[in-house]
Each structure stands twice: as structure tokens, then as C-alpha cells.
Amino acid sequence: MYNKFVVIDLETTGNIPKKGDRIIQFAAVVIENGVITEQFSSLINPQKSIPIFIEELTGINDEMVKNAPVFSEIAEKVITLLDGAYFVAHNVLFDLSFLQEELVSAGYEGFFGPVLDTVEMARIMYPTADGYKLSDLAEQENLNHDRPHQADSDAEVTAELLLIFLRRLAALPLVTIRQLLPLSGGLKSDLQQLLDEILEEFDPMDEGIPKHTELVKDLVVKKTAKTIDMEQEQTNLSYPEHENDKINLLNKGFKSFEKRSGQFQMMDAVYRAFHYERHSLIEAGTGVGKSLGYLLPAAYFCKENKSGPIVISTYTIQLQEQLLKKEIPLLASILPFKIHAVLLKGRSHYISLEKFHQSLSDENDNYDTTLTKMQILVWLTETETGDKDELNLSSGGQIFWEKIKSSPFGFSFNLEYSDRDFYLKAKKEAEYADIIITNHSLVLSDLKEKAAILPDYDYVILDEGHHFEKTATQFFGASLDYLAIRLLIGRFGLEDQPQLFHDMEDIIQMISEGQEPLLHPFKLNQLVMDLTYEVDEFFNLIALFAKKKLGAAPRFYRSKVRFSQSDGEREVRALVISAERLAFLLKDLQIAIMERLKWIMKSKTPLTTSQQTTLEEIQTFLNDVKELRDTVMNCFIREKNDVKWIEIDMRSPQNITTFVAQPAVVADQLQEQFFSVKKAAVITSASLTVNDSFHFILNELGLDPVLTETMMVSSPFNYQKQVKLLIPEELPEINTVTIDEFVIALTEQIISIAEAAKGRMLVLFTAYDMLKKTYDLVKESGFLNDFVLMAQGISSGSPARLTRNFKRYDKAILFGTSSFWEGVDIPGEDLSCLCIVRLPFSAPDEPLTEAKSKLILERGGNPFTEYSLPEAVLRFKQGFGRLIRTETDRGIVVVFDKRIITNQYGKSFLASIPPVSINKGRIDELARIIRSWV
């Protein structure tokens, strides 16, 4: 690169220069001929007071800028630096708008040269990155960024990132760069000019395809490794039954292997379950080495018995990735034979190269779609799987994915992409695999599709098995979401909108050769309008029903409202009638579109690739419409004994409304359709027992206690020495005071504990409303201003990203609910204090809880002891398990809910976790214990 780039970063008093916000620090780094040639920075006197929050963010205060120059004094230097250069910044429009305002105020014309945005460049060059904040990217590239939100430090890091981006751009295949070029005209920055300059440096006849890539039609994709040859000679296939044999094996994979008796017991139990074809429940405590505990016997059994693939199913994507990238390579280093393991997801997770290639010729893309196309062009040179989960897509990018995802329908006969179809490749590899890693949803979908997704298999391991019943409940149920349905109809559009309807009519007009087509679009257009109206009317009726049921009760967040068709209310009857109309309209829409498709195909007119792709998208749309109609029928018209409810946010009922129908019990369905047809299923988790009993989980899954093996493998950790459980006695019981009064008392306790523990705290809530109130009050109090406070649903980012950010700070507090009770892995000193606000009972008016309780009552049982309590205990065990992840971890668990010691059922919670040291007392006494412990 022989251009001049000037990387700018500013610190300012606020975000809006037009409203008087000013620069307080300016920094520039000059890059010429690929090296940094000059750096300049200066504090700036803004001639106004610096707000407190800006001072906290940047560390710059009024005293520091009092004797600094005003901007006009450095304006000439800035103009000189920028002369003949690209203006570069991380979120360039922010910095440019401030600089323009200041330059004009100082009597200069401003900057009118090309600009580059390193946020845009990062999204394109790092399509799989977790985040695009400057600190995220600096960490990814191991760049020293010790003073974030200081302009000189930020500018220097941004400059180093720019140099990396420039090198990566220049190393891209020329075919890819040429495809990026026209798209880049739709960006906020002038990347198009830079790409033009890069292309000028290369021979126009040179295709420039790197060795690790290949050209598939016009797309450059990464070469895929050849499928492992499974016909090799296999030796030493006998399962290592003796302890010494296991130790000798495992020593190969670990530099310093420490024997875990529990892991060996688990290995033998899994092997026996497969060998004797019996279902098995294995609870494996933290630190047992559960993954290897089932992978090793599964591999041996598969090879010894030529049993076909063994399916390993998980609940979370994180565990799938861990198995594939960490545990399977470890297994491979141990085994005396080769093992072939693959990850298989649902079809919609994989890209269709043909659809994507066709989309590149589409015009009038919005910004999100343009950026997503550029991300994917770069990603195709890197990905081996074509799996969407690798990508970091914006919400607009997620919508675009619907157009380019793999689908089973094909009007096109272009075979050029068939050898590189990512989904078919994954399925083909699964056919020859020893181990198939997938998720609970796909295992259940395979039931519905009559084994059309997974190869035939008889043996399965369900990891995170305590979630299988919940996943099955959702799978055997149905839901209708307002926004999802409107987006579906929007994909088809009206005749005058640039969507599928318009494209289909263009094909019909082309076939008619200028004559009036036999199929007039007016009726179809009216049908789409009627359908849109009916969807709005249907969800309006749902909102009216919910509003009436909720009454005047204050609601702060999403509410659930039970729905019953046996209720003879006028609103219920109106809703059922609207659902019937909706089902009829959806059927009419299907028929009308299918008539048009048949007419097109009957004409046998040759179609372009673009037209064939359009027809394929319409067929996919039709499939979605059929599925939607089936859901409406199942929810309102067909006789089903499902539990039905409405999830709604009354602050935005038109946008955030979902109707849900799910069976209260799935045990019989699981037994009949899944467990009875599999030779052996191993269900494992760290949370399967309540009071050392598997009764609850056996009942939920429909497993016969006599025919199912059970085993508990205790954690090898010394919880007595590693954990102290503290119970504050001053906090009122929540049922005796208002939520606001409880939150005030809770906040005081959290502040005291945080000061004693010096941060590294995870606070788990059972309800978002209380989380938000507590977070707001802690923040407003000002007592923890030197702590980094993060909260699920308030701080930006997914749970995984919040967890990563939490680990970066010593004095951090993370407020979490729902997903933070499990699956979060924060080993070592990154987490030293876990707070559990309430025992995690489901609300008694939760629709599924209410329905399950009613069924238990009808057969003379006790809903609390048979369902509510064991469900809460399992969830409590999951939350408790967040603290101690390795044998060297130490920490504090604080349970704010006194019921754990004051109520008889509290013993069930304490009996279901490892034995720990318990202290109860006043908060000042507990704070002293915390200080001495941490």
C-alpha cells in the first residue's frame, strides 16, 4: 500500500457537535508506505465544563484541560496532517462530524477527502469475530490497549488494526476483491476507492487464487479436506476394562494426567449401557471429566461392534463447539485407532452457494445486506462448514440469510455447486461418521421427519440431558409470533413491491411474451392484503384478551396470560373465528401461488438462473406458509390438550406478542417415539438428581425406573475447603414486603458483599423485573462507582459476550437471569463470589407449571413435592455449579433467600449440592468472613 492514511481519534464532551459538544482530546497517527511515520496528540480546552460521566470514561477532567490549547490553535497542524490522506477512524462518521464542526469554526473549509471506517473494515475482514469494539479487536490481535478511551492510545491501536486490515485485504483472492468492489459503493466509507487502488497493483489477467482456496463457478471458497478413509486396518479395538489400561491410554493425551476414579466409573457405565442395550442416567459432578467419560467408551463400542454412528446430542451450541474443537482432538490423541466425528445441524444453518452467487447480481440492497454480502465473500475463503453460526451477522444480515440458506427445493438444474453443497457434505460425512455431534432440537426434528435428517442410529448420548424434556415440550408444541408472521408475508410482498410476488409476475409476463397473461395478479394481490389485515386483526384480538386478563395490575416486562378455549368469553370466540379465517386465507394463498408455479412449469420456457432461484425461494415460502397454517390449526382448530398462553409486552403489544401451545407432559411421546426405538440412550448432566434420587427426571422423560440404569458420580473437588455458603439473616422474606422494599434491602446487602469481595461477583435472579430494579438502584447509589456493572438485557451483548467482558475486569459485577444459571463457565479467580437472590421456583401461575400441577392434583399427588420443588432444586444445582469449575477454585456462595434454612424443604436444596461450610448471620459478620476468605 502506497497511500497515506491518517488515523484520528477524539475524546469529546458528548455525542452531538451541533448541540455544542466539543473535543477535549485529539490524536492522530500517520501511516505512509505501510509504516507509521508520525504521531501527534493534544488535550484541547473545550471552553466548557466536562460532564462527570465523560470524566469517568476518559479520565480527563477540567483541571487537565484548563491550560490546554483551544482547537483553533492546532487546526493548521490538523489540516497539514490530513493533506492528501485517507481520514481513518473507528466509527468514522462520529469523529469526522466533530472535526468538520471544529475546522469550520476555526475558519477552515473542513476535510473533503476519502474516509475509511475501521468498524466497517473489521466487520468485512473478520466476519466471525465476537465483537467489533476497539477493545475486542485489540484483544483478538494481541495488541496492547492499556488506556481505552484515551485518544492517543485508541488512535495507536486503530492504526495497528488498519495495517492488519490492509495486509489482509491485499492477500484476498483477486476474484473476491473484484466482487467486493461494486458492493463497497454502498458503504458509509470510501473503501471502494481503496479496493480500486489495490486492483491497479495487480495483473488484470491474474486470477490470484491462493492454494488453500478454489474457484467454484465464480465464487472463491476454501478447499475442504478429503473425507477420512475409514477402510484403514483397525488394531487394538478392545475396550480398556482395567484401570491401568485406562491410565496408560489417557497418559498419551495429558502431560500430567491425574486419575479420576469417577471418570473411569462413568466410562464403564456408558460402555455397559451400550453393550447390554439399556438406557442409563448418569449424573456427573463438576470436574469428573464427563465429556471424555462418554466419548472414549462410545468410540470403542462403535469400532468394536460396527454399530453405526453414535449420536451425541447437546442443548447448547457452546458445548457442541467444545466437543468438536477440544474434546474430539484430545480423544484422537489418546485412541490407538482413528475416529471420525462430525457436527451436523439443521439445513437452514448452511449457506446455499448458488443462492448467494445469484444474490450478488441483485441491486438496490440496503446497507445491512450489502455489508453482509461482503462479510460472506470473505468468509467463504475461510469456512470449512458453511455454517451460519460462525458468522457475526447484524439483524438485517439475519434477514438476508433467509434468502441464501440451503433449502430442499430445486427448480434450477445447475450442478456446478452440487459438489460444494455444505449441507449435503455435512450429511454425507455423517453417513460415514463414528460420532455425530448435534443438538436436542435436531434429534427431535429427525423423529418428525422420519429419520430423513440423521443417518440410522441406535445409540445416543444426551448431554445436558436435564434439558431434553423441556426441548421436547417446545418441539411437540407450537407458537405464533406476530413479527415472524409479518416478516414471512413481507418476503412475498405485494405486486408493486420488489419482493417474490413481483419477481414471479415478471416471469409470467416474460413467458406470456407481451400478451395479457392467463393469470391476472389482481386477485392474488387482494389475497395478500386480506391476509395482512387478518394477521393484524388476529393479534389485536390476542392483545385485547391479554389486557382484559391482566387487568390493572402493574407490569414491567413481558407477561404470560393463560388461554383456554373452554372459556366461553366473547373474546375467545372472536379469536377462534379469526384463526379460522386466517387458516382459510393461508390455504387460499397456497393454492393461488401453486397455480402460478404450475402454469410456469407447464410452459416449459427456459428460465435464467435468477428466475430459477426466484421459483426456489417461492417454493420455500410456500413450505413456510403450509407450516404456519398447520400451526394455526393445531393451536385453535384441531382438538389437542395442549397448554396455551399468550406472551406479551403491553408496552408494545403490536410488536411483541406470541401465542404458545405446548403439551403439559411429553413423557409418553418420548417413550413411544424415541426411547422405545433406540437400543440404548445415555442421559448425562451435572443435575439429574434431587435428594440423591433420579425419580423426578425418570418421570419427566417417561423412562421405566426398573429397566433404566442409574449412577451418581460425585465431583472430585473438595467443596468443604473450596466453598463457603453464606446466608444473610437481616433480609426480609420477599413475600412479607413489597418488591421495591425487598430490592432496597437487597441492594444494601449486595453493596456490602461487593465491597468485601472486591468484585468478581455473579448475581443470579429468577425474574428480570427484580434484576433491572436492583441494577438501577446499585448504579444510582454511587457506592460502587469504581466497579464495572453489567446486566443481562441491559448491557449490550449475548450472555457469552457479557461473560467474556466480565472476565476482563477485577472489580466487576454481573447481574444475570435465565441463561446465566447454567452453561456459563468462569473458572479461577475471574469469579470468586456467587449470589443467588431467590430459590429458583417457577411462578405458580406459570402456564406449564399450573397445568402440570393440576394433572398431579387430579391423580391425588402433591404438585409441590412432585414437581415445583424438584424442578427448583435442579435449577439451584445448576446455579451453584457456576462457582467451582476447577480443583484450585475457591469462592463464596451467598443465598439471600432465607427459606433455604427456615423452611423444611430447604433441606432438599442443601442435600442436593456437595457438602459445604455454611455460615448465617448479620451482613457485617458475613462481610468479615468474605474479606478473610478472598
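Scroll up a little and you will see the structure.
Note that the structure is a prediction, hence the values are computed from the model and not measured.

Colleague: In this structure, what is going on with the packing of aromatic side chains? I would like to understand it.
Modeller: Each aromatic ring pair is specified by the distance between its two centres and by the angle formed by the two planes. Applying the stated criterion across every chain, the model contains 37 aromatic pairs. A centroid spacing of 5.0 Å and a plane angle of 90° characterise the contact between tyrosine 300 and phenylalanine 337, whose relative ring orientation is edge-to-face. Linking tyrosine 300 in helix α12 (residues 290-305) with phenylalanine 337 in the loop between α13 (317-334) and β10 (341-343), this pair joins segments that are 37 residues apart in sequence. Using a relative accessible area of 2% as the deciding quantity, one classes tyrosine 300 as buried. When the centroid spacing of 5.1 Å and the interplanar angle of 15° are considered together, the rings of phenylalanine 492 and phenylalanine 501 count as stacked. We classify phenylalanine 492 as buried; its relative accessible area is 1%. Here the aromatic residues Tyr239, Tyr271, Phe274, Tyr300, Phe301, Phe337 and Tyr459 are joined through ring pairs into a cluster of three or more. Sitting above the plane of the tyrosine 457 ring, lysine 678 keeps its charged end 3.5 Å from the centroid.

Colleague: Would you explain the sheet that holds strand β3 (residues 35-43) in this entry?
Modeller: The pairing of strands in a sheet happens through backbone hydrogen bonds and is either parallel or antiparallel. The strand order across the open sheet formed by five strands is β3-β2-β1-β4-β5, and the pairing between neighbours is mixed. Pairing within the sheet leaves two strands with one partner each, and these edge strands are β3 and β5 (115-117). Strand-to-strand twist across the sheet, computed as the mean angle between neighbouring axes with direction ignored, equals 20°. Taken together, the nine bridges between strand β1 (residues 4-12) and strand β2 (residues 23-32) define a ladder with antiparallel strand orientation. Residue pairing across strands places lysine 4 opposite glutamate 32, the latter belonging to β2. Packed on one face of the sheet, helix α4 (residues 92-105) meets β1, β2, β4 (86-89) and β5 and runs near 80° to β1.

Colleague: I would appreciate a short explanation of the nonpolar core in the present structure.
Modeller: For soluble globular proteins, nonpolar side chains are generally found buried alongside one another. Core analysis: the largest hydrophobic core is formed by 95 residues, its most contacted members being Leu191, Leu194 and Phe675. The leading source of residues in this core is helix α7 (residues 151-171), at eleven residues. Residues contacting leucine 194, with those up to four places away along its chain left out, are Asn3, Phe5, Tyr86, Leu116, Met121, Leu166 and Leu169.

Colleague: For this particular structure, what's the right way to read the packing of helix α21 (residues 500-512) against helix α24 (residues 609-637)?
Modeller: How two helices pack is summed up by the angle between their axes together with the distance between the axes. Interaxial distance between α21 and α24 falls to 10 Å at its minimum, and their mutual angle equals 130°. What the angle tells us is that α21 and α24 run oblique. Judged by the sense of rotation from one axis to the other, the crossing of α21 with α24 is left-handed. Judged by residue contacts, Leu500, Asp503, Met504, Ile507 and Met510 of α21 engage Gln611, Thr614, Leu615, Glu617, Ile618 and Phe621 from α24.

Colleague: Can you walk me through the environment of leucine 360 in this structure?
Modeller: On the secondary structure map, leucine 360 appears in the loop between α14 (353-359) and α15 (367-379). Judged by its relative accessible area of 22%, leucine 360 is partly exposed. Sequence separation between leucine 360 and methionine 374 is 14 residues; the distance between their C-alpha atoms is 9.7 Å. Other than its neighbours up to four places away in sequence, leucine 360 contacts Gln179, Leu183, Leu219, Lys373 and Leu377.

Colleague: It is not clear to me how unusual backbone geometry should be interpreted in this structure. Could you clarify?
Modeller: Note: most residues except glycine have negative phi, and most peptide bonds are trans. Its identity is not glycine, yet asparagine 91 carries a phi of approximately 75°, on the positive side. With respect to the helices, strands and loops of the structure, asparagine 91 is situated in the loop between β4 and α4. A positive phi angle, close to 55°, is found at asparagine 142, a residue other than glycine. Looking at the secondary structure, you find asparagine 142 in the loop between α6 (134-140) and α7.

Colleague: Would you mind showing me how to read the pairing of strand β23 (residues 833-836) here?
Modeller: Across a regular strand the side chains alternate sides, sitting on one face of the sheet and then on the other. Side chains of β23 alternate between two faces, with Cys833 and Cys835 and Leu834 and Ile836 buried alike. Inspection of the sheet shows strand β20 (residues 761-764) paired to β23 by four bridges, in the parallel sense. Note on β23: the bridge partner recorded for methionine 761 is cysteine 833. Relative to strand β24 (residues 891-895), β23 runs parallel, the two sharing four bridges. Looking at β24, one finds that leucine 834 is bridged to valine 893.

Colleague: I'm lost on the packing of α12 against α13 in this one. Help?
Modeller: Here α12 crosses α13 at 55°, and the two axes come no closer than 10 Å. Considering their axes alone, α12 and α13 lie oblique with respect to each other. Considering the relative orientation of α12 and α13, their crossing is right-handed. Judged by residue contacts, Ser291, Leu292, Tyr294, Leu295, Leu296 and Ala299 of α12 engage Gln322, Leu323, Glu327, Ile328, Leu330, Leu331 and Ile334 from α13. Classifying every residue of the contact of α12 with α13 gives ten nonpolar, two polar and one charged.

Colleague: Got a minute to help me understand the sheet that holds strand β16 (residues 657-662) in this structure?
Modeller: The four strands lie next to each other as β13-β16-β15-β14, forming an open sheet whose pairing is antiparallel. At either margin of the open sheet sits one strand with a lone partner, and together these are β13 (478-481) and β14 (559-563). Between one strand axis and the next, the sheet turns by 20° as a mean value, whatever way the strands run. Inspection of the sheet shows strand β15 (residues 643-648) paired to β16 by six bridges, in the antiparallel sense. Bridging from a neighbouring strand, lysine 644 pairs with alanine 661 of β16. Running over the sheet, helix α31 (residues 847-858) touches β14, β15 and β16 and is turned about 160° from β15.

The rules behind these values
- Residues numbered from 1 in each chain as written.
- Predicted model: local features only at pLDDT ≥ 70, side-chain atom pairs only at ≥ 80, totals over all residues.
- Heavy atoms only, no water.
- Phe/Tyr/Trp six-rings, centres within 6.5 Å; stacked < 30°, edge-to-face > 60°.
- Helix = DSSP H or I, 4+ residues; strand = E, 2+ residues; numbered from the N terminus.
- Buried < 20%, exposed > 50% of the residue type's maximum accessible area, 1.4 Å probe, protein only.
- Lys NZ or Arg CZ within 6 Å of the ring centre and 35° of its normal.
- Pairing = 2+ DSSP bridges.
- Axes fitted to C-alpha atoms, helices over the stretch in contact; angles between N-to-C directions.
- Contact = heavy atoms within 4.5 Å.
- Core = buried A, V, L, I, M, F, W, Y, C linked by side-chain atoms within 4.5 Å.
- Parallel < 35°, antiparallel > 145°, perpendicular 65-115°, else oblique.
- Left-handed = near helix turned anticlockwise from the far one by under 90°.
- Nonpolar A, V, L, I, M, F, W, Y, C, P; charged D, E, K, R; others polar.

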